[in-house]
Amino acid sequence: MSQKKIIAVFGATGAQGGGLARAILHDPNSEFAVRVITRDTTSDKARELAALGAELVSADVDDKESMVKALQGAYGAFFVTFFWSHFSPEKEGQHVKDMAAAAKEAGIKHAIWSTLEDTRKWVPLEDNSMPTLMGKYKVPHFDGKGESDHYFTDAGVPVTFMLASYYWDNLIYFGMGPKPGPMETWLSPSRWGIRKWQVYLQMISANVLMAFSRKDLK
Ligand SMILES: NC(=O)c1ccc[n+]([C@@H]2O[C@H](COP(=O)([O-])OP(=O)(O)OC[C@H]3O[C@@H](n4cnc5c(N)ncnc54)[C@H](OP(=O)(O)O)[C@@H]3O)[C@@H](O)[C@H]2O)c1
């Protein structure tokens, strides 16, 4: 049996978790072993990670008890939520609450929670320069994460809050790549425009991002 410290990785068959899982699995000197948390241990993506040496364990973020079981014996855990599969900040908040409770119950020594800013700290709801969405959010997939950070601290789980920027990967996989427009502009299908030399959008590769977060687990 591996003497390495186990890191349980949610979303390991996806972008963020996948980057972290591969960063650890590709490092022969790593002090960590990877436990892939997936809803389907038989999927091609899960098997690919198993072939690299990962342990596969099934759990669903909709089922807290499955998360408690999946986290048993792990030293650390990487938590990410899946806003775009339900579009509900409230549901996302419930998932974070259950993740924090499961981490506490399983005795996780260090959690990394992939959160984002609650933008309402900078743009209050009464500021009409940005529309208010879903009744109480400025940027629902940011705000719901940011307002859920306290679940980890309230539960007393040692936690690192990791704030991911927009991934380069979106340009490849979601057809969001900028297209040349008139007058030296670059336009994307998602309707944001970058006027050359005037606006900078912070981006990072999901793989690189996770190689950084691996350092937080020590
Ligand atoms: N795109 C960006 O630029 C960006 C930037 C910052 C933050 N984010 C945030 O990143 C989050 C998504 O992370 P990602 O891009 O890494 O996701 P992703 O690539 O879409 O990953 C999908 C993963 O979600 C897992 N999954 C989905 N539903 C699940 C459930 N009910 N229980 C357990 N696992 C489930 C799937 O695992 P299985 O199918 O194997 O179970 C799969 O591995 C979103 O909340 C988004 O707001 C995105």
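Another aspect to go through is the site of the ligand. With respect to spatial proximity, 24 residues lie near the ligand, and among them T13, T38, R39, Y167 and N170 are the closest. Between the ligand and Q16, the relevant distance is 2.8 Å, taken from an oxygen atom to a main-chain nitrogen or oxygen of the residue. Taking T38, its side chain carries an N or O atom lying 2.6 Å from an oxygen atom of the ligand. Those elements giving two or more residues to the shell around the ligand turn out to be α1 (15–25), α5 (140–146) and β7 (166–167). Considering only residue class, the shell around the ligand consists of 11 nonpolar, nine polar and four charged.

The backbone phi angle of F87 is positive, close to 60°, even though this residue is not glycine. Positionally, F87 belongs in the loop between β4 (76–79) and α4 (89–106). Phi is positive for M134, close to 50°, though the residue is something other than glycine. With respect to the secondary-structure elements, M134 resides in the loop between β5 (110–115) and α5. Classification of M134 by relative accessible area gives partly exposed; the value is 49%.

Turning next to the nonpolar core. Ranked by internal contacts, the top residues of the largest apolar core, which has 42 residues, are F10, V34, L71, F79, I108 and F152. Listing elements by their share of this core, those giving two or more residues are β1 (5–10), α1, β2 (32–38), α3 (64–71), β4, α4 and β5. The dominant element in this core, judged by the number of residues it contributes, is α4, at six residues.

The next subject is the pattern of salt bridges. The tally for this structure, following the rule as stated, stands at nine salt bridges. One salt bridge connects R120 with D143, and the closest N-O pair in it is separated by 3.7 Å. Residue R120 is located in the loop between β5 and α5, and its partner D143 is located in helix α5; the two are separated by 23 residues in the primary sequence. Taken as a pair, R120 and D143 share a single burial class, namely buried. Residue R120 is joined to E147 by a salt bridge in which the shortest nitrogen-to-oxygen separation is 2.8 Å. Linking R120 in the loop between β5 and α5 with E147 in the loop between α5 and α6 (150–155), this pair joins segments that are 27 residues apart in sequence.

Cut-offs and rules
- Residues numbered from 1 in each chain as written.
- Predicted model: local features only at pLDDT ≥ 70, side-chain atom pairs only at ≥ 80, totals over all residues.
- Heavy atoms only, no water.
- Near = heavy atom within 4 Å.
- Polar contact = N/O pair within 3.5 Å; in protein donor to acceptor, adjacent residues only side chain to side chain.
- Helix = DSSP H or I, 4+ residues; strand = E, 2+ residues; numbered from the N terminus.
- Nonpolar A, V, L, I, M, F, W, Y, C, P; charged D, E, K, R; others polar.
- Buried < 20%, exposed > 50% of the residue type's maximum accessible area, 1.4 Å probe, protein only.
- Core = buried A, V, L, I, M, F, W, Y, C linked by side-chain atoms within 4.5 Å.
- Salt bridge = Lys/Arg side-chain N within 4 Å of Asp/Glu carboxyl O.

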